[in-house]
Amino acid sequence: MLPLATRQAGAETASARGHWLDIAHHWHQVGAPLRPSAQDVASYTDLIGQWAAVHGAPRALILGVTPELYRLPWPAGSELTAVDHTVAMIEAVWPGPRSAAVHAEWTDLPFTAASFDIVLCDGGWHLLSYPHDQRCLLDELRRIVPPDGLCIMRLFVPPVQPETPAAVLHDLLRGAMPNLNILKLRLGMALQVSRECGVLLADVWQALHQAAPDFVRLADQLGWSLAHLLAVNSYRDCPSRYHFVSVAEVREQFTEQPGGFSFVDCRMPTYALGERCPVVAFRRRA
């Protein structure tokens with residue numbers, strides 16, 4: 001029999017992957033700001049276009065299988081690859097050729113050095129533990145991106161003025177929350193005590209359930225479809241944690257080491273909660 005710690009870690013990994021299996025099944029319920037909006041697409045397109053105007057068509061890597069990133073107006077001749085750690089997400093969400101989607105961990109990428117000119121990631125940085133796994137991914141980015149290459153990411157960053165979970169739930173119950181996507185982001189950030197601890201997704205579900213245990217009644221009260229609200233059940237008993245960090249902290253991570261990256265741009269969208277969803281770009285230094 002495996003040691004207890006090993007069995008527990010395996011169970012947590014299986015449960016976390018089950019969470020992404022649920023996300024894959026309910027992908028049609030995921031919307032802005034958890035998915036890119038037209039403003040975000042415009043930011044990605046402009047930053048890629050500026051790079052391509054100088055260097056030509058890029059070899060691009062997408063961290064995750066975000067359809068909107070695959071469907072960007074890429075310059076003719078661009079080569080696109082995606083990498084995701086969940087086969088279910090690749091099979092259910094990736095719109096490109098299956099051969100172009102690689103099943104692997106972001107912190108241990110199966111690519112040779114200097115393989116990609118541009119790396120994109122939409123709302124993925126917070127999925128990694130702080131600081132360890134975020135540093136591991138950054139090490140991989142320094143390895144696979146050659147000098148003058150770009151990393152462009154949309155972050156989910158905590159607000160300058162923190163909210164309390166009670167305030168978020170109050171807004172929800174008085175009908176001031178337009179959809180589940182905004183609720184997930186606001187409540188998750190409000191429940192995070194520190195960037196190191198992050199927020200346990202099971203705690204997000206528990207806080208909502210304690211405030212409104214009858215989801216059928218809550219959906220009717222809010223005017224949401226029941227299917228939309230029930231998508232939050234992917235958080236129930238989920239051991240995954242999100243680690244929200246600020247733009248300043250991400251900028252420091254990218255720029256602090258020699259041979260790392262230089263800050264290029266930060267674009268703040270104007271849609272609801274857009275101030276928490278900036279698109280940032282970093283250029284690989286020689």
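Report on the accompanying structure.

Thresholds, definitions, all that
Residues numbered from 1 in each chain as written. Predicted model: local features only at pLDDT ≥ 70, side-chain atom pairs only at ≥ 80, totals over all residues. Heavy atoms only, no water. Helix = DSSP H or I, 4+ residues; strand = E, 2+ residues; numbered from the N terminus. Rg over C-alpha atoms; globule rule 2.2 N^0.38 Å. Buried < 20%, exposed > 50% of the residue type's maximum accessible area, 1.4 Å probe, protein only. Contact = heavy atoms within 4.5 Å. Areas by Shrake-Rupley, 256 points an atom, 1.4 Å probe, with all protein chains shown as cover. Lys, Arg positive; Asp, Glu negative; His and termini not counted. Charge placed at Lys NZ, Arg CZ, Asp CG, Glu CD. Pairing = 2+ DSSP bridges. Axes fitted to C-alpha atoms, helices over the stretch in contact; angles between N-to-C directions. Phe/Tyr/Trp six-rings, centres within 6.5 Å; stacked < 30°, edge-to-face > 60°. 1 Å grid on protein atoms, 1.4 Å probe; cavity = no way out; pocket = protein on both sides within 12 Å on 5 of 7 lines; lining within 4 Å. Points joined across faces, edges and corners; volume = space filled by probe spheres on them. Patch = residues over 30% accessible without salt bridge, like charges linked within 9 Å, V, L, I, M, F, W, Y side chains within 5 Å. Salt bridge = Lys/Arg side-chain N within 4 Å of Asp/Glu carboxyl O. Parallel < 35°, antiparallel > 145°, perpendicular 65-115°, else oblique. Nonpolar A, V, L, I, M, F, W, Y, C, P; charged D, E, K, R; others polar.

## Describing the overall build of the protein
At step 1: In terms of regular secondary structure, the protein is built from 11 helices and nine strands.
At step 2: Taking 2.2 N^0.38 as the reference for a compact globule, 286 residues should give roughly 19 Å; the C-alpha atoms of the protein span a radius of gyration of 19 Å, in line with that estimate.
At step 3: If you line up the protein on its principal axes, its C-alpha atoms span 55 × 55 × 35 Å.
At step 4: Here the protein holds 286 residues, and 51% of them are scored as buried.
At step 5: Taking all contacts inside the protein whose residues are at least 6 apart in sequence as the whole, residues at least 24 apart take part in 71%.
At step 6: Carbon together with sulfur atoms contributes 54% to the accessible area of the protein, which is approximately 12,800 Å² in total.
At step 7: Side-chain charges in the protein split into 23 positive and 28 negative, and the spacing between the mean points of these groups amounts to 1 Å.

## Focus on the sheet that holds strand S5 (residues 150-154)
As a general point, the strands of a sheet are linked pairwise by backbone hydrogen bonds and lie either parallel or antiparallel.
At step 1: Taken in spatial order, the seven strands make up an open sheet running S3-S2-S1-S4-S5-S9-S8, and their pairing is mixed. Unpaired on one side and paired on the other, strand S3 (101-103) and strand S8 (261-267) mark the two borders of the sheet. Averaged over all adjacent pairs, the angle separating strand axes in this sheet is 20°, with direction ignored.
At step 2: In terms of strand pairing, strand S1 (residues 59-63) meets strand S2 (residues 79-84) through five bridges, oriented parallel. Bridge pairing in S2 places Ala-60 opposite Leu-80.
At step 3: Contacting strand S4 (118-122), S5, S8 and strand S9 (279-284), helix H2 (residues 38-55) crosses the sheet at an angle of about 175° to S5.
At step 4: Lying on the sheet, helix H5 (residues 132-144) is in contact with S1, S4, S5, S8 and S9; it crosses S8 at an angle near 110°.

## Here we look at the packing of aromatic side chains
At step 1: Throughout the structure, instances matching the rule amount to nine aromatic pairs.
At step 2: Each ring, one from Trp-125 and one from Phe-254, has its centre 5.4 Å from the other, and the planes form 40°; the classification is tilted. Here Trp-125 is found in the loop between S4 and H5, whereas its partner Phe-254 is found in helix H11 (residues 247-255), with 129 residues between them in sequence.
At step 3: Using a relative accessible area of 0% as the deciding quantity, one classes Phe-254 as buried.
At step 4: On the numbers, 6.4 Å between centres and 90° between planes, the contact of Tyr-235 with Tyr-242 is edge-to-face.

## A look at the layout of surface pockets
Over the atoms rolls a probe the size of a water molecule, and in doing so it shows where empty space is left.
At step 1: Taken as a whole, the second largest pocket spans an internal volume of roughly 260 Å³.
At step 2: Along its surface, the second largest pocket is lined by 15 residues, and Pro-158, Pro-159, Pro-162, Met-189 and Gln-192 are the ones closest to its centre.
At step 3: In terms of residue count, the dominant contributor to the lining of the second largest pocket is helix H7 (residues 180-191) (three residues).

## Structural notes on a nonpolar patch on the surface
At step 1: Among the surface-exposed residues, Val-216, Leu-226 and Leu-230 lie close enough to one another that they form a single nonpolar patch of about 230 Å² accessible area.
At step 2: Note on placement: Val-216 falls in helix H9 (residues 215-222).
At step 3: Judged by its relative accessible area of 55%, Val-216 is exposed.

## Structural notes on the packing of H7 against helix H8 (residues 201-211)
At step 1: Between H7 and H8, the shortest axis-to-axis distance is 10 Å and the interhelical angle comes to 105°. What the angle tells us is that H7 and H8 run roughly perpendicular. The residues of H8 that touch H7, namely those facing Leu-183, Leu-187, Gly-188 and Leu-191, are Asp-203, Val-204, Ala-207 and Leu-208.
At step 2: Residue classes in the contact of H7 with H8 are distributed as six nonpolar, one polar and one charged.

## A closer look at the pairing of S9
At step 1: S9 sits mainly inside the fold: five of its six residues count as buried.
At step 2: Where S5 meets S9, five bridges bridge the pair, whose relative direction is antiparallel. Bridge pairing in S9 links Leu-150 to Arg-283.
At step 3: Relative to S9, S8 runs antiparallel, the two being bridged by six bridges. Bridge pairing in S9 places Phe-261 opposite Arg-284.

Interpretation in functional terms is not warranted from these geometric data alone.
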